Amino acid sequence: MTTNRPSAMDHAPSDLRAVPCMLMRGGTSRGPFFVESDLPADPAQRDRLLLAAMGSPDPRQIDGLGGAHPLTSKVGIVRRSTTPGVDLDFLFAQLQPDGDTVDVTPNCGNMLAAVLPFALERGLLPTGHGMGEGFTTARILTLNTGMRCDVTMPTPEGRLQYTGTARIDGVPGTAAPVSIAFLETAGSVCPSLLPSGRARDRIDVPGLGTVEATLIDNGMPMVLVRAADFGITGRENVAELNAHAALKEKLEALRLTCGPLMGLGDVKAKNYPKMCLVAAPKEGGAIATRCFIPHVCHDAIGVLAAVTVATACVLEGSITQGIAAVPAGRTKAVSVEHPTGEFSVELEVDGQQVTRAALLRTARPIMRGEVLVPDLG
């Protein structure tokens with residue numbers, strides 16, 4: 001006897017809206033990716049849809065795709081580019097588990113790593129584009145800040161390859177490499193690489209006193225301070241730092257003071273600048289870091305945060321001087337230690353200028369289909 005069962009394509013009538021998407025991991029971040037034309041054109045309607053898709057605001061994001069953490073509350077939106085010399089446009093959106101904001105101001109280098117595989121999966125580009133046999137390269141414009149980069153991944157015999165031997169700390173196992181070469185990152189959101197015009201500032205913070213810091217933006221606006229100045233080693237684990245209420249209050253007071261100094265205005269409701277505690281390396285790297293994004297300690301470090309920290313390490317007079325162990329030569333491999341390992345950034349340096357930044361990530365699709373959200377009209 002046979003039993004008739006409904007196929008996966010049979011749908012009962014519903015008052016929910018189905019939106020095509022793919023859940024992607026990019027580096028140490030994760031979130032749904034959308035083709036721009038599948039979302040509302042009006043930004044306000046789009047943002048309401050994204051909040052519903054992720055299940056925000058709710059600390060557990062129990063009614064959506066979010067993972068109850070800023071690193072898993074991210075969204076990628078991709079389209080074919082009409083800009084000459086550019087293949088793909090990428091809009092990154094940062095959501096928060098317990099917030100109702102959709103921030104499209106900053107970049108995210110981890111989610112950037114998933115743009116090319118997503119575009120190939122969805123047919124926005126053919127495999128073999130840009131590089132020829134065995135690889136595919138795309139020039140990607142990040143709409144958030146106007147940053148451009150070249151991203152390359154292996155596509156042997158025109159087939160997407162996600163398995164491989166590349167390993168990045170913060171992600172279990174190994175995978176195929178996704179290489180990213182940034183073309184221009186200085187002053188991505190701030191007016192310049194060093195928005196105050198100095199590699200080190202002495203900042204008067206209400207209730208905290210004077211703090212020495214480096215205010216810098218080489219892809220991510222950041223405030224770098226010595227961990228020792230805040231009474232810690234800079235090698236504490238993430239749980240310890242997230243439970244350290246007094247430390248977090250001090251970092252937030254400093255962040256709010258630095259916002260206007262960096263040309264960012266009032267940053268109370270913004271996801272940047274990120275705060276980074278630096279210390280001498282312990283595992284053979286160049287610098288040890290503990291980053292806050294901006295109120296939760298990162299389990300690792302963001303891609304562009306790593307680029308920015310590495311840049312500070314090679315600038316004469318920055319807060320890292322006397323702490324960082326930087327290799328000699330014009331081309332420098334700077335290993336940035338973080339709570340779950342290290343992140344290597346290759347920099348080409350000309351005096352006080354960083355002329356090139358490149359790094360390796362991995363990415364893969366986790367699920368493809370449709371996300372169901374209430375019909376918001």
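Higher on the page you've got the structure.
Caption draft 1: Local environment of the overall build of the protein chain. Counting secondary structure elements, the protein chain contains six helices and 17 strands. Rg of the C-alpha trace for the protein chain: 21 Å, near the compact-globule value of 21 Å for 377 residues, within the 12% margin. Across the 377 residues that make up the protein chain, the buried fraction comes to 53%. Summed over its atoms, the accessible surface of the protein chain is roughly 16,200 Å², and 51% of this surface lies on carbon and sulfur atoms.

Caption draft 2: Examining the packing of aromatic side chains more closely. Counted according to the given criterion, the structure contains two aromatic pairs. When the ring of Phe 33 is compared with that of Phe 90, the centres are 6.2 Å apart and the planes differ by 5°; the resulting orientation is stacked. Of this pair, Phe 33 sits in strand β2 (residues 29-35) while Phe 90 is found in strand β4 (residues 88-95), placing the two residues 57 residues apart along the sequence. Each member of the pair, Phe 33 as well as Phe 90, carries the same accessibility label: buried. Consider the rings of Phe 33 and Phe 118, whose centres lie 5.5 Å apart with planes at 45°: the pair is tilted. Here Phe 33, found in strand β2, pairs with Phe 118, found in helix α3 (residues 115-121); they are 85 residues apart in sequence, far enough to count as distant. Residue Phe 118 is classed as buried on the basis of its relative accessible area, which comes to 0%. One aromatic cluster is present, built from ring pairs that chain together Phe 33, Phe 90 and Phe 118.

Caption draft 3: Structural detail: the side chain of Lys 74. Tracing the chain through its elements places Lys 74 in strand β3 (residues 74-80). No salt bridge is formed by the buried Lys 74; the nearest opposite charge belongs to Asp 299, separated by 11 Å. Side chain to side chain, Lys 74 and Ser 29 meet in a polar contact 3.0 Å long. In this view, Lys 74 contacts Ser 29, Arg 30, Gly 31, Pro 32, Met 54, Phe 92, Ala 93, Gln 94, Cys 108 and Met 111; residues no more than four positions away in its chain are not counted.

Caption draft 4: Highlighting the pairing of strand β14 (residues 331-338). Where burial is concerned, most of β14 is hidden: six out of the eight residues are buried. Of the pairings in the sheet, the one linking strand β13 (residues 287-292) to β14 comprises two bridges and is parallel in character. Residue pairing for β14: Ala 288 is matched across the bridge by Glu 337. Where the polypeptide runs from β13 across helix α6 (residues 303-313) and back to β14, its parallel neighbour, the crossover connection is right-handed. Where β14 lies against strand β15 (residues 341-350), eight bridges are found, and the strand directions are antiparallel. Opposite Ser 335, over in β15, you have Ser 344 as the bridge partner.

Caption draft 5: Examining the environment of Asp 229 more closely. On the secondary structure map, Asp 229 appears in the loop between β11 (221-226) and α4 (238-242). Here Asp 229 falls in the partly exposed class, since its relative accessible area comes to 43%. Taking the C-alpha atoms as reference points, Asp 229 and Glu 212, separated by 17 residues in sequence, lie 8.5 Å from one another. Polar side-chain contacts of Asp 229 include one of 3.0 Å to the side chain of Arg 226.

Caption draft 6: A look at unusual backbone geometry. The step from Ser 56 to Pro 57 runs through a cis peptide bond, and the omega angle for that step is 0°. Its location among the elements puts Pro 57 in the loop between α1 (43-54) and β3. With an omega dihedral of 0°, the bond running from Tyr 272 to Pro 273 counts as a cis peptide bond. Mapping Pro 273 onto the fold places it in the loop between α5 (245-261) and β12 (274-279). One non-glycine residue, Gln 61, adopts positive backbone phi at about 50°. Checked against the element boundaries, Gln 61 lands in the loop between α1 and β3. For Glu 157, which is not glycine, the phi torsion reads 55° and is therefore positive.

Caption draft 7: Spatial organisation of α5. The end-to-end C-alpha distance of α5, which contains 17 residues, comes to 25 Å, matching closely the 24 Å that a straight helix rising 1.5 Å per residue would cover. Buried residues of α5: Leu 247, Leu 251, Glu 252, Leu 254, Arg 255, Thr 257, Cys 258 and Gly 259, and no others. If you follow the buried residues of α5, they end up packed against β9 (201-205), β10 (209-217), β11, α4, β12 and β13.

Caption draft 8: Up close: the side chain of Arg 255. Here Arg 255 lies in helix α5. Judged by relative accessible area, which is 0%, Arg 255 ranks as buried. A polar side-chain atom of Arg 255 sits 3.0 Å from the main-chain carbonyl oxygen of Val 267. Contacts of Arg 255, omitting those with residues within four sequence positions, involve Val 267, Lys 268, Lys 270, Asn 271, Tyr 272, Pro 273, Met 275, Pro 294 and His 295.

Caption draft 9: Inspection of the pattern of salt bridges at higher detail. Tallying each qualifying case throughout the model produces 14 salt bridges. Through salt bridges with shared partners, a single network forms among Arg 200, Arg 202, Glu 212, Arg 226 and Asp 229.

Caption draft 10: How the structure looks around the environment of Cys 21. Following the sequence through the fold, Cys 21 ends up in strand β1 (residues 16-26). Its relative accessible area of 5% is what places Cys 21 among the buried residues. Between the C-alpha atom of Cys 21 and that of Gly 207, which follows or precedes it by 186 residues, the distance is 47 Å. Discounting residues that sit within four places of it in the chain, Cys 21 has contacts with Pro 32, Phe 33, Phe 34, Leu 65, Met 367, Arg 368, Gly 369, Glu 370 and Val 371.

Parameters at a glance
- Residues numbered from 1 in each chain as written.
- Predicted model: local features only at pLDDT ≥ 70, side-chain atom pairs only at ≥ 80, totals over all residues.
- Heavy atoms only, no water.
- Helix = DSSP H or I, 4+ residues; strand = E, 2+ residues; numbered from the N terminus.
- Rg over C-alpha atoms; globule rule 2.2 N^0.38 Å.
- Buried < 20%, exposed > 50% of the residue type's maximum accessible area, 1.4 Å probe, protein only.
- Areas by Shrake-Rupley, 256 points an atom, 1.4 Å probe, with all protein chains shown as cover.
- Phe/Tyr/Trp six-rings, centres within 6.5 Å; stacked < 30°, edge-to-face > 60°.
- Lys, Arg positive; Asp, Glu negative; His and termini not counted.
- Salt bridge = Lys/Arg side-chain N within 4 Å of Asp/Glu carboxyl O.
- Polar contact = N/O pair within 3.5 Å; in protein donor to acceptor, adjacent residues only side chain to side chain.
- Contact = heavy atoms within 4.5 Å.
- Pairing = 2+ DSSP bridges.
- Right-handed = clockwise from strand over helix to strand, strands pointing away.
- Expected span 1.5 Å × (residues − 1).

Remember, this is a structural readout, not a statement about activity or role.
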